[in-house]
Amino acid sequence: MVTIRKRKRQALEFDVQRFQQGGRTAYSLVMDLGTLDSNVPSYVNTERIDKANRRFNPTHSKRIAQYISETDDWVLGSILLGIDPEAVEYEAYLDESALPSDMIGHIRIPLDGGTSSIKILDGQHRRMAIQTVRDSLRQDIQVAKDRLPMNGRDMNLRSLESKLSQLDQMSIPVVLYEEANIKSLRRMFSDLAQTRNIDAATKTRFDDRDPFNRAAVELVELGRSVLLSGRVEMERTTPLLRSNDLLAVNQLARCLKVLKFGYGGRASRPRIVEAQQNYDELIDMGISWTDEFLPASRQEYETLFDIELDEDYVGENRSSFLAYSATVLQLLAGCYNAWQVHERPIVELSRWLRAADFERESEDCIFRLTGMLTPASSTLISRRQSVQATIDYIIKQALKSVD
């Protein structure tokens, strides 16, 4: 396919192959690196998941830039972009029968408003690597020029200018999807992960077709849970040690599944569909667990409702209180589910947990009694067998206390 560069200052124009995928119109084209660098968004976020992409990793992008700089026969995969359908003007070429082709033609994207609607669906690290290499070469060229006497030339300068010129003549395949909705683009990004893993936090936030993912995000971002307000890590898969977060959003989604299906329970497709159909009940269950059961069960959680509490309280006490462990929260979700089987008031389980020994160094700590803590370590063992054994122990002891 021939690379078409800017033909007019008012618009970008490309020869394309138009096709349908998943109900969307898409265009396959080739874009030279200069056009790409000038018109594809360069905004990235290193701190959080943003727009339709995962959190930007500068180290990953630098590795790609180094690869391009040091490798003459470099190769990069396609960059996938989304664009507002109204920003694309398609004109079909004539086929052999002199009729407009449904597949082959060219598109026109106005520079005024059209290119600004472009969003990177996949390829932000490649895109930024290309910018890094071009910027570096331009800087090196300027430095070489500044060192020369007036009108002087040298081999190094000519080499740098030649390298930049050759690079700008290189191209990269691009797939342009007619899709402007951020939520839809995020779903598409999540779908791409079916064959290429993305981090669990990004998948939880983007794959809102999973009711447990959507409920986890809603409990936090809409403030449905008082306990979790400001206490859930939304960018990373686990909370930072000194953060005020009790758990990460993907861990919260996991807790919701445990609440519904039990610890180790399989979230089969029919079960997911059923949870989707009863989504409001799922939200209510999450609120009941976080804002009623947990604070009734442990003083450590009840304390977090104090409006005068220091904002770094969880981070400052994480190493002291086992209750502030994501493993313990998942375990308590398992206890909540397991108690339902016995059709006993949940307050009875809360009462037993409230009195239970959660002190890390205590010989009577329930986690030491069940093997989740060993004499040689103060770190919880989160193996499935160990957690399940502790859930079974808690339920057994709590039932004994009310018999």
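What counts, and at which threshold
Residues numbered from 1 in each chain as written. Predicted model: local features only at pLDDT ≥ 70, side-chain atom pairs only at ≥ 80, totals over all residues. Heavy atoms only, no water. Helix = DSSP H or I, 4+ residues; strand = E, 2+ residues; numbered from the N terminus. Rg over C-alpha atoms; globule rule 2.2 N^0.38 Å. Contact = heavy atoms within 4.5 Å. Core = buried A, V, L, I, M, F, W, Y, C linked by side-chain atoms within 4.5 Å. Buried < 20%, exposed > 50% of the residue type's maximum accessible area, 1.4 Å probe, protein only. Pairing = 2+ DSSP bridges. Axes fitted to C-alpha atoms, helices over the stretch in contact; angles between N-to-C directions. pLDDT = per-residue confidence, 0-100. Parallel < 35°, antiparallel > 145°, perpendicular 65-115°, else oblique. Nonpolar A, V, L, I, M, F, W, Y, C, P; charged D, E, K, R; others polar. Polar contact = N/O pair within 3.5 Å; in protein donor to acceptor, adjacent residues only side chain to side chain.

(A) How the structure looks around the overall build of the protein. The secondary structure content of the protein amounts to 16 helices and 9 strands. The C-alpha radius of gyration computed for the protein amounts to 28 Å, which surpasses the reference 22 Å derived for 403 residues by more than 25%, pointing to a less compact arrangement than a globule. When its C-alpha atoms are laid out on the principal axes, the protein stretches across 90 × 60 × 40 Å. The long-range share in the protein, meaning contacts at least 24 apart out of those at least 6 apart in sequence, stands at 67%.

(B) Main features of the nonpolar core. Core analysis: the biggest nonpolar cluster contains 66 residues, and Trp289 and Phe367 have the highest contact counts within it. The biggest single contributor to this core is helix H13 (residues 326-340), with 10 residues. The residues contacting Trp289, other than those within four sequence positions of it, are Leu252, Cys255, Leu259, Leu294, Leu329, Leu332, Ala333 and Tyr336.

(C) Fine view of the sheet that holds strand E3 (residues 79-83). Ordered in space as E4-E5-E1-E2-E7-E3-E6, the 7 strands form an open sheet in which the pairing is mixed. Lying at the two open borders of the sheet, with one neighbouring strand each, are strand E4 (89-94) and strand E6 (119-122). Neighbour to neighbour, the strand axes of the sheet diverge by 35 degrees on average, direction disregarded. Bridging between E3 and strand E7 (residues 171-178) involves 5 bridges; their strand directions are parallel. The residue of E7 that forms the bridge with Gly82 is Tyr177. Along the sheet, helix H3 (residues 124-146) contacts E3, E6 and E7; its crossing angle with E6, the most-contacted strand, is approximately 120 degrees.

(D) Representation of the pairing of strand E1 (residues 11-21) in the model. As paired elements, E1 and strand E5 (residues 100-110) share 7 bridges and run antiparallel to each other. Within E5, the residue paired with Glu13 across the bridge is Arg108. By the bridge criterion, 5 bridges tie E1 to strand E2 (residues 24-32) in an arrangement that is antiparallel. Paired with Arg18 across the strands is Tyr27, a residue of E2.

(E) Spotlight on the environment of Ser136. Turning to its location among the elements, Ser136 is positioned in helix H3. Each C-alpha atom, one on Ser136 and one on Ala65, is 9.9 Å from the other, the two residues being 71 residues apart in sequence.

(F) Seen up close, unusual backbone geometry. Even without a glycine there, the phi angle at Glu343 is positive, about 50 degrees. Here Glu343 lies in the loop between H13 and helix H14 (346-355). Taking relative accessible area as the criterion, Glu343 reaches 73% and is therefore assigned exposed.

(G) Local environment of the confidence of the model for the protein. Per-residue pLDDT for the protein averages 88, and the proportion of residues at 70 or more is 92%. Long-range and interchain partners of residues 1-8, a stretch whose pLDDT sits below 50, account for 24 contacts in this model, where long-range means more than four residues apart.

(H) Fine view of the packing of H14 against helix H16 (residues 384-402). Contact geometry of H14 with H16 gives a least axis separation of 9 Å together with a crossing angle of 105 degrees. By the criterion of interaxial angle, the relationship of H14 to H16 is roughly perpendicular. Contact residues: Glu348, Leu349, Trp352 and Leu353 in H14; Tyr393, Ile394, Ile395, Gln397, Ala398, Ser401 and Val402 in H16. Partitioning the contact of H14 with H16 into residue classes produces 8 nonpolar, 2 polar and 1 charged.

(I) Quick peek at the side chain of Thr370. On the secondary structure map, Thr370 appears in the loop between helix H15 (366-369) and H16. Within the local environment of Thr370, its side chain forms a polar contact with the backbone oxygen of Ile366, the two atoms lying 3.1 Å apart. If we ignore the near neighbours within four places in the chain, the residues touching Thr370 are Thr390 and Tyr393.

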